[in-house]
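Residues per chain are reported as follows:
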Amino acid sequence: MRKPIVGVLANAHLINDQYWIQGSSRMNVEAIADAADAMPLIIPSLPGRLELDDILPACDGFLLTGGRPNVHPEEYGHKPTAAHGDFDRDRDGIALPLIRSCVERGQPILGVCRGFQEFNVAMGGTLHYRVHQVDGFNDHRMPREGDIEHKFSERHIVVTLENGQFHRLCGQREVMVNSLHAQAVKEVAPEFEIECVSIDGVIEGISHTSSKAFCVGVQWHAEWRFENNVLSDALWKAFGNACRERAGERTGNRVAAE
């Protein structure tokens, strides 16, 4: 059986202040290839030029990655301000309807960091646009100093829901994770369950309760050193297995039709 194909929605990056590229980090595609045992396929964020009817049948599952720009606040009923940061409306234009379609179709999907926040917004939830300014919450932003090892290092514990999906996958109630986000989930979208929270109460993981397939979002960068993190590794493997199951269904349906 061929490896399942995982679509990776690209981010836009300005190189040398001169030209734009669409791409994804090496960490993301390596996690798909090594942990999920699937083939990554980077999909550019080009709403109006790429249609969902073209994207959805091409992939068995989708990864929504992290990214510096934030989900536009108008998508969850807020007015944009300078404090909301940079935006990527092209990615919003592809990611949000893609999420809703995957949930409806039962197509596996994993959201990481910005992708986690997109997940919640697409399905009707809201965000804290500066979580460190909310009373009772710690500063979850990426450290400004240090190398990449320091910036992506594990910084706080998440506590999994007892007997929830995350707990069942990794067998642990407490797991250390990294933290590189300024925004956070505020109101959880309908039909989602909170799978884990940080010690200070920030929501760090959610799953869709009625989806026919793997449908999960996490706030930390699960692609970083996944092999050393029991929960991240388990999530990637579960995502890969769901994509393989989807690929098998597609192959079986094609054979039956022939």
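Whatever comes next refers back to the structure up there.
These figures come from a predicted structure and were not determined experimentally.

About the cut-offs
- Residues numbered from 1 in each chain as written.
- Predicted model: local features only at pLDDT ≥ 70, side-chain atom pairs only at ≥ 80, totals over all residues.
- Heavy atoms only, no water.
- Helix = DSSP H or I, 4+ residues; strand = E, 2+ residues; numbered from the N terminus.
- Rg over C-alpha atoms; globule rule 2.2 N^0.38 Å.
- Buried < 20%, exposed > 50% of the residue type's maximum accessible area, 1.4 Å probe, protein only.
- Contact = heavy atoms within 4.5 Å.
- Areas by Shrake-Rupley, 256 points an atom, 1.4 Å probe, with all protein chains shown as cover.
- Lys, Arg positive; Asp, Glu negative; His and termini not counted.
- Charge placed at Lys NZ, Arg CZ, Asp CG, Glu CD.
- Pairing = 2+ DSSP bridges.
- Axes fitted to C-alpha atoms, helices over the stretch in contact; angles between N-to-C directions.
- Phe/Tyr/Trp six-rings, centres within 6.5 Å; stacked < 30°, edge-to-face > 60°.

Chemist: How should I be thinking about the overall build of the protein chain in this particular structure?
Modeler: When helices and strands are tallied, the protein chain shows seven helices and 13 strands. A compact globule built from 258 residues should have a C-alpha radius of gyration of about 18 Å, and the protein chain, at 17 Å, falls within 12% of that. For the C-alpha atoms alone, the extent of the protein chain along its principal axes is close to 60 × 45 × 35 Å. Out of the 258 residues belonging to the protein chain, those deemed buried represent 50%. Long-range pairs, those at least 24 residues apart, make up 66% of the contacts in the protein chain between residues at least 6 apart in sequence. For the protein chain, the exposed area adds up to about 12,100 Å²; of that, 48% sits on carbon and sulfur atoms. The centroid of the 26 positive side-chain charges in the protein chain is displaced by 2 Å from the centroid of its 36 negative side-chain charges.

Chemist: So what exactly am I meant to see when it comes to the pairing of strand S13 (residues 215-218) here?
Modeler: Both faces of the sheet carry side chains from a regular strand, because those side chains alternate between them. What you see with S13 is no split at all: Cys215 and Gly217 on one side and Val216 and Val218 on the other are buried throughout. Both strand S6 (residues 109-112) and S13 contribute to a ladder of four bridges, which runs parallel. Directly across from Gly111, in S13, lies its bridge partner Gly217. Sheet analysis places strand S12 (residues 203-208) next to S13, joined by three bridges and oriented antiparallel. Residue Gly205 lies in a different strand from S13, and its bridge partner there is Val218. If you look at the hairpin formed by S12 and S13, you'll find six residues sitting between the two strands.

Chemist: I'm lost on the sheet that holds strand S4 (residues 39-43) in this one. Help?
Modeler: For sheets, the rule is that strands pair by backbone hydrogen bonds, running either parallel or antiparallel. Taken together, the nine strands give an open sheet; going across it, the order is S4-S1-S5-S6-S13-S12-S11-S8-S9, and neighbouring strands pair in mixed fashion. Edge positions in the sheet fall to S4 and strand S9 (174-177), since each has one partner strand and no second. Sheet twist, expressed as the average angle between the axes of neighbouring strands with direction ignored, equals 20 degrees. Packed on one face of the sheet, helix H1 (residues 26-35) meets strand S1 (5-9), S4 and strand S5 (61-64) and runs near 145 degrees to S4.

Chemist: Whenever I open this one, the packing of aromatic side chains confuses me. Can you help?
Modeler: Geometry of an aromatic ring pair is reported as the spacing of the ring centres plus the angle between the planes. In total, this model carries four aromatic pairs according to the counting rule given. Judged by centre distance (5.8 Å) and plane angle (45 degrees), the rings of Phe214 and Phe239 are tilted. With Phe214 in the loop between S12 and S13 and Phe239 in helix H7 (residues 230-257), this pair connects stretches of sequence that are 25 residues apart. Classification of Phe214 by relative accessible area gives buried; the value is 7%. On the accessibility criterion, Phe239 (0% relative accessible area) is buried. Judged by centre distance (6.4 Å) and plane angle (65 degrees), the ring pair of Trp236 and Phe239 falls under edge-to-face. Of this pair, Trp236 and Phe239 both sit in helix H7, three residues apart, which is roughly one turn of that helix. Residues Trp236 and Phe239 agree in their burial class; the two are buried.

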